[in-house]
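In case you want the letters, here they are:
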Amino acid sequence: MLKKLRTTPRWIIFVIDVSLCAASVLLSFLLRFNFNLTDIRPEWFSSAIQVILPVNIVLFLLFRTYAGIVRYTGIQDAIRILRVTTLATILLFVANGIYAYNKLDGNLIPYSIIVIHFLCSSLLLISYRTLIKQVFDYFQHQNITKRKALIFGAGRSGLISKRVINNDDRLGLKVVGFLDDDPVKAQKKMDGLPILSTRFDRLERIIEKHKIEQIIISSQKISPERKVEFVDWCLSHNLKVLVVPPPEQWINGRLKTAQIRDVKIEELLEREAIVIHNESIENQLKDQCLLVTGAAGSIGSEIVRQVARYKPKRIVLCDQAETPLNSLELELREEFRQVNFESFVADVRDKNRLTCLFEKFRPQFVYHAAAYKHVPIMEHHPSEAILTNVLGTKNVADLAVQYGLEKFVMISTDKAVNPTNVMGASKRIAEIYIQGLNKYAGEHSFNAGLNKELSNGIDKKVLIDPIISTRFITTRFGNVLGSNGSVIPLFKAQLEKGGPLTVTHPEITRYFMTIPEACQLVLEAGSMGNGGEIFVFDMGDSVKIVDLAKKMIRLAGFTPDKDIKIEFTGLRPGEKLYEELLNNKENSLPTYNEKIMIATVREYDFETISKQIDSLIAAAANQGPEKAVVAKMKKILPEFISNNSVYEQLDKEFDLIP
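Bear in mind that the values here come from a model prediction, so they are computed numbers and not experimental data.

The next subject is the pairing of strand β1 (residues 147-152). As paired strands, β1 and strand β2 (residues 173-180) are joined by 6 bridges and run parallel to one another. Of the residues in β2, the one forming a bridge with A149 is V175. Taken together, β1, helix α5 (residues 156-166) and β2 constitute a β-α-β crossover, and its handedness is right-handed. Relative to strand β5 (residues 214-217), β1 runs parallel, the two sharing 4 bridges. Paired with L150 across the bridge in β5 is I215.

Evaluated as defined, the whole model comprises 10 aromatic pairs. The interplanar angle of 10 degrees and the centroid separation of 6.5 Å between the aromatic rings of F29 and F33 together place this pair among those described as stacked. Among the residues examined, F29 registers a relative accessible area of 0% and is labelled buried. Put simply, the rings of Y433, Y440 and F606 touch in pairs and so form one group of aromatic residues. If you follow K634 out to its NZ or CZ, it ends over the ring of F640, 3.8 Å from the centre.

This part takes up the confidence of the model for the protein. Per-residue confidence for the protein gives a mean pLDDT of 83, with 88% of residues at or over 70. Taken element by element, the protein is modelled with least confidence in helix α15 (residues 448-451), mean pLDDT 37, and with most confidence in strand β8 (residues 289-293), mean pLDDT 96. For the stretch residues 445-467, pLDDT sits under 50, and the model shows 43 contacts to residues farther than four places along the chain or on other chains.

What follows is about a nonpolar patch on the surface. On the surface, V58, L62, F63, L87, I90, L91, V94 and I98 cluster together into a nonpolar patch covering about 690 Å² of accessible area. It is helix α3 (residues 75-103) that provides the largest number of residues to the nonpolar patch, a total of 5 residues. Mapped onto the elements, I98 comes out in helix α3.

Moving on, we get to the pairing of strand β21 (residues 587-590). Sheet topology note: the β21/strand β22 (residues 596-600) ladder contains 4 bridges and is antiparallel. Residue pairing for β22: L589 is matched across the bridge by I598. Taking the residues between adjacent antiparallel strands as the criterion, β21 and β22 are bridged by 5 residues.

Turning our attention to the UniProt feature "transmembrane region" (unreviewed entry) in the protein. The positions UniProt marks with the feature "transmembrane region" (unreviewed entry) are residues 12-32, 44-63, 84-102 and 108-128. Taken end to end, residues 12-32 is 100% helix and 0% strand, and its first and last C-alpha atoms sit 30 Å apart. Annotated as residues 108-128, this span is 86% helix and 0% strand, and its ends, taken at the C-alpha atoms, are 30 Å apart.

Now for the sheet that holds strand β10 (residues 340-345). Strand order in the open sheet made by the 9 strands is β10-β9-β8-β11-β12-β13-β18-β22-β21, with mixed pairing throughout. Where the open sheet ends on each side, the last strands, each with one partner, are β10 and β21. Direction aside, the axes of adjacent strands within the sheet are offset by 25 degrees on average. Sheet topology places strand β18 (residues 534-537) next to β22; 4 bridges connect them, and they run antiparallel. Across the sheet, V536 pairs through a bridge with M597, a residue of β22. Here helix α11 (residues 351-361) sits on the sheet and contacts β8, β9 (314-319) and β10; the angle it forms with β10, its principal contact strand, is near 160 degrees.

Time to look at unusual backbone geometry. Along the chain, G499 connects to P500 via a cis peptide bond; the corresponding omega equals 0 degrees. With respect to the element layout, P500 can be found in the loop between α16 (487-496) and β15 (501-503). Not every positive phi belongs to a glycine, and D561 is a case in point at roughly 65 degrees. Position of D561 relative to the elements: it lies in the loop between α18 (545-555) and β20 (566-568).

Cut-offs and rules
Residues numbered from 1 in each chain as written. Predicted model: local features only at pLDDT ≥ 70, side-chain atom pairs only at ≥ 80, totals over all residues. Heavy atoms only, no water. Pairing = 2+ DSSP bridges. Helix = DSSP H or I, 4+ residues; strand = E, 2+ residues; numbered from the N terminus. Right-handed = clockwise from strand over helix to strand, strands pointing away. Phe/Tyr/Trp six-rings, centres within 6.5 Å; stacked < 30°, edge-to-face > 60°. Buried < 20%, exposed > 50% of the residue type's maximum accessible area, 1.4 Å probe, protein only. Lys NZ or Arg CZ within 6 Å of the ring centre and 35° of its normal. pLDDT = per-residue confidence, 0-100. Contact = heavy atoms within 4.5 Å. Patch = residues over 30% accessible without salt bridge, like charges linked within 9 Å, V, L, I, M, F, W, Y side chains within 5 Å. Areas by Shrake-Rupley, 256 points an atom, 1.4 Å probe, with all protein chains shown as cover. Salt bridge = Lys/Arg side-chain N within 4 Å of Asp/Glu carboxyl O. UniProt positions renumbered as here; feature names shortened; annotations may be inferred. Axes fitted to C-alpha atoms, helices over the stretch in contact; angles between N-to-C directions.

Structure follows, in structure tokens:
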């Protein structure tokens, strides 16, 4: 019935306000004279009414106190009323002073009446609005069945979240208490609700006793490890978990129920924030021209966003995909207005086109993220993997030396370690080339005569800058959360369709990193690298993909293998059960950043490896037989042992398996 009530007309609210103002005058006299009517002189009361009411009526009209919807009265309405009553009191004091100055025979209104009227009118005007709001809320919510919830975080964010949730029926939740890790807050109350301990043994009893169905995480100080632990416990007890965004993301400083969302699986794979040396990075990148290849991809675009914060003079965005490149440029120009962005459509396999880029922009740093990365696709197209991942890297690296770039940072992958597929092997060959080039360039003083000797390496040209020796750095890490083609977007799409979720093998594991985390480490490694290093990132613990699938199903509010099935499809061509960051013959050395290590890898003779790589590229460019192309890869990389692939026969023929 209350839902059908229309908003009360403003004139009725105005009449009620004026009536209560008049009532507060009478109440003021009664209080002042201890409810003894015989002591109240009629002329005093008449004078007070004639002065106080007009003053308040004018102020009510000026401040529009009647304009608010009473059922939604809030703190702003109360503040507006207090402003009106305070200003009215000041004006009455002034009127009293003027009257006394001119008449010299007392006051227009006793000062005590003015003060008491201020208190009474403020109380009555605010109280009746609050009372109507409470009555309306009571009848509106009494027939609505709501799920009981607890808020994790007994702070300001938790308090605001509680009020927003309880006042909005769309979530269908009723907050009945708070949770907090701080033992000092436990057993106390906030906003009339108890603050409870987060000890799991006690929490289990609380949930059973009060029939709690949901937990809302509002604490902004909770560590990633604690968040994972707490959410895992909630999911194991069939509790749905929601998250309140940080205050800086609230709309106009106010939290909306639409912003309270489900926990994302990415949040449960996060770790403590990485501390990077921003000053060192800024000293290298500020006012420099930077080139990012593969700029429109998930990794490349994030690298662009991060380096833009260090105020470079120009960032050249190189990619062959024009639509995502255009979208990225529009986004960047809006977010980083002080940085000059230049889009350049090019394929890294086309050296002539790349030469135009280097000649036009003369970059000092390059972040090479352009690559083919999908294992099953590249297993069927080895020539394409070689032309993009090997030839493309070689083209950019050769031009980096030719044009005297300061640093070349290559984005590699953990699949390059003990590769079992074409994609990983192609990335390892690219690593080998730039490592050899780094050593060769560093050992030789380049000049026109010597440069002609590089018959199998850099073009026979005079270097643009014969003084600068380009430093080549490789960064190697695992799967990136949310990147194009990763498993999490796939699982999300399958969940939206009602399942099943497809996993290749029950025991398959992977390392995961968030895109920002990976790119932060790329920048840090790039700044600390002196040339020739392969930096390996601390990826944390590997994650079982089937466990990841089950967790995503639970986060969506379903039960694995009951509501949503998990199907095992078998390993794909070239796929490993588990990934490695170092091979059996590699060790690692620490750096000043505990999350970054240097892999000590086998060194190759640059001239020898250049000839082998040129032969491999020629075979791929001629679109020779796929097995012949892969055979050349295996000759370069004895550790490349195919798995679940048509190329396993080559390993037997080459007697690579003991």
